[in-house]
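A look at the structure
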Amino acid sequence: MKKYDITGIGNALVDIEFKVTDKFFEENQVEKGLMTLVDEYRQNELMGVINTEEAKKQCGGSAANSVIAVSQFGGKSYYCCKVANDELGRFFVEDMKESGVDNNLDPDKLEDGITGKCLVMVTEDSERTMNTFLGITQNFSVKEINESAIKDSKYLFIEGYLVTSPNGKEAMMHAKKIAEEAGTKVALTFSDPAMVKYFKEGFDDVIGPSVDLLFANEEEAMLYTGKDTLEEAREEMKKAAKHFVITQGKNGAMIFDGDTFIDIEPYKTTAIDSNGAGDMFAGAFLYGITNGHSYASSGKLASMASSKIVSQFGPRLKWHQAKEILNRLNP
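This text gives an overview of the structure that appears in the document. (Residues numbered from 1 in each chain as written. Predicted model: local features only at pLDDT ≥ 70, side-chain atom pairs only at ≥ 80, totals over all residues. Heavy atoms only, no water.)

Strand order in the open sheet made by the 5 strands is 3-8-7-2-4, with mixed pairing throughout. The open sheet has two edge strands, strand 3 (35-37) and strand 4 (56-60), and neither has a second partner. On average, adjacent strands in this sheet sit at an angle of 25 degrees to one another, irrespective of strand direction. With 5 bridges joining them, strand 2 (residues 13-19) and strand 4 adopt antiparallel strand pairing. (Pairing = 2+ DSSP bridges. Helix = DSSP H or I, 4+ residues; strand = E, 2+ residues; numbered from the N terminus. Axes fitted to C-alpha atoms, helices over the stretch in contact; angles between N-to-C directions.)

With respect to the helices, strands and loops of the structure, glutamate 170 is situated in helix 6 (residues 166-182). Here glutamate 170 falls in the partly exposed class, since its relative accessible area comes to 48%. (Buried < 20%, exposed > 50% of the residue type's maximum accessible area, 1.4 Å probe, protein only.)

The subject of this paragraph is the nonpolar core. Phe73, Tyr79, Phe92, Leu213, Phe215, Phe285 and Leu286 are the most contacted members of the largest nonpolar core, which totals 50 residues. With 8 residues, helix 10 (residues 277-289) is the largest single contributor of residues to this core. Once residues within four sequence positions are removed from consideration, leucine 213 is found in contact with Tyr155, Val186, Ala187, Leu188, His243, Phe244, Val245, Phe285, Leu286 and Ile289. (Core = buried A, V, L, I, M, F, W, Y, C linked by side-chain atoms within 4.5 Å. Contact = heavy atoms within 4.5 Å.)

What describes two packed helices is the angle between their axes and the distance between those same axes. Taken N-terminus to C-terminus, the directions of helix 10 and helix 11 (residues 295-310) make an angle of 150 degrees; their axes are 8 Å apart at the nearest point. For the element pair helix 10 / helix 11, the angle class is roughly antiparallel. Of the two possible hands of crossing, helix 10 and helix 11 adopt the one that is right-handed. Contacts between helix 10 and helix 11 involve Ala277, Met280, Phe281, Ala284, Phe285, Tyr287, Gly288 and Ile289 on the former and, on the latter, Tyr295, Ser298, Gly299, Leu301, Ala302, Ser303, Ala305, Ser306, Ile309 and Val310. (Parallel < 35°, antiparallel > 145°, perpendicular 65-115°, else oblique. Left-handed = near helix turned anticlockwise from the far one by under 90°.)

This part covers the state of the cysteines. This structure, assessed with the given rule, holds 0 disulfides. Sulfur of cysteine 59: no disulfide; nearest cysteine sulfur belongs to cysteine 81 and is 8.5 Å away. Cysteine cysteine 118 remains unbridged, with the sulfur of cysteine 59 as its closest cysteine sulfur at 13 Å. Residue classification places cysteine 118 among the buried residues on the basis of a relative accessible area of 2%. (Disulfide = S-S within 2.5 Å.)

Moving on: the pairing of strand 9 (residues 153-159). Sheet faces and side chains relate simply in a regular strand, where the side chains alternate between the two faces. Along strand 9, 6 of the 7 residues are buried, which leaves the element largely enclosed by surrounding structure. Pairing geometry for strand 1 (residues 4-9) and strand 9, over 5 bridges, is parallel. For isoleucine 9, the partnering residue across the bridge sits in strand 9 and is isoleucine 158. In this structure, strand 9 lies alongside strand 10 (residues 185-189), joined through 5 bridges in parallel fashion. Bridging across to strand 10, isoleucine 158 finds its partner in leucine 188. Between strand 9 and its parallel partner strand 10, the chain crosses via helix 6, and the hand of that crossover is right-handed. (Right-handed = clockwise from strand over helix to strand, strands pointing away.)

Two descriptors summarise a pair of aromatic rings, namely the distance from one centre to the other and the angle between the planes of the rings. The final tally for this structure, using the stated rule, is 12 aromatic pairs. Judged by centre distance (4.9 Å) and plane angle (75 degrees), the rings of phenylalanine 190 and phenylalanine 203 are edge-to-face. Separated by 13 residues along the polypeptide, phenylalanine 190 in the loop between strand 10 and helix 7 (193-207) and phenylalanine 203 in helix 7 bring together distant segments of the chain. For the pair phenylalanine 190 and phenylalanine 203, one class covers both residues: buried. Three or more aromatic residues joined by ring pairs form one cluster here, namely Phe157, Phe215, Phe285 and Tyr295. Directly above the aromatic system of tyrosine 224 lies the positively charged group of lysine 200, at a separation of 4.6 Å from the ring centroid. Geometry around phenylalanine 261 places arginine 234 over its ring, the cationic atom sitting 3.9 Å from the centre. (Phe/Tyr/Trp six-rings, centres within 6.5 Å; stacked < 30°, edge-to-face > 60°. Lys NZ or Arg CZ within 6 Å of the ring centre and 35° of its normal.)

Turning to its location among the elements, threonine 290 is positioned in the loop between helix 10 and helix 11. Of the polar contacts made by the side chain of threonine 290, one reaches the backbone oxygen of tyrosine 287; its length is 3.1 Å. Within polar-contact distance, the side chain of threonine 290 engages the side chain of asparagine 291 at 3.2 Å. If we ignore the near neighbours within four places in the chain, the residues touching threonine 290 are Asp5, Ile6, Lys154 and Tyr155. (Polar contact = N/O pair within 3.5 Å; in protein donor to acceptor, adjacent residues only side chain to side chain.)

We now examine the sheet that holds strand 9. Strand order in the open sheet made by the 9 strands is 6-5-1-9-10-11-12-13-14, with mixed pairing throughout. Taken across any chain shown, the strands that pair with only one partner, and hence form the sheet edges, are strand 6 (102-103) and strand 14 (261-264). Running at roughly 165 degrees to strand 9, helix 6 makes contact with strand 1, strand 9, strand 10 and strand 11 (211-217) of the sheet.

Right, let's get into the pairing of strand 2. Counting buried positions along strand 2 yields 6 of 7 residues, so the element is predominantly enclosed. Direction of pairing for strand 2 relative to strand 7 (residues 116-122): parallel, over a ladder of 7 bridges. Bridge assignment links lysine 19 to a residue of strand 7, and that residue is valine 122.

Okay, structure coming up:
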């Protein structure tokens, strides 16, 4: 028996989420719908023109959101990450603890620096735009990898955003090697179309011959495979992953279970905020397949959970909501 269902590796960011209008983007020269890396000066500039009192703050990062979801559904997860010895770093440590996620952070041994922040701007059409200052998490490296946690996990879950730095990419490949040698399965999420567009060769290096499970949305799948249709892309994806999930927004998702394609129905919802929908889908799906559910059942759980996420503000469920979704799946 493995101690953990999932060990995740990825960026540690404190999400500061708030509502904006399209006019805000025009006035402040923000590119809508993308995750853009910015320096601290630019981020502070944006924070100076928003109403931070109405902003919602919680620990985040793509893989962090997913491992928290695993925990909320009743799984056991671990997270390898890096924060600084500052107010937001201590906030991150405490939030992870309250979320039931074991991690490599020792509050008494945090390094000096600035904890990464992600400004999550949500417009009326529910689309999310992110401006991220990585801070100390850009120094995430092999040093933060907990080898024993990976070996004692059913799955290693790798966040695609790490591919942007040489030390992050090295950590991805190092963790994958540990997992493969220990018989731990490897899951990877592309995280964002911009990552695939600009760092495809980096992903090729990380994926190597194959990964056990790959998460992508439609745009990422077509960008990675260089195909013009989803039908062509999904066939090409078989070369990169033994199993994969292609999320399709309001159209649900498509899962390849190693033999056949499974269409996952969407659940009707009124979209308010798309931030974290993909992270939630991955977390719920990983919980399902590591806790006795089939790929189809896990996809249904993930679809339910992500539809709930987009119907509210913020990338995380409340604990009682996770239980209610599980009860709907297993009445």
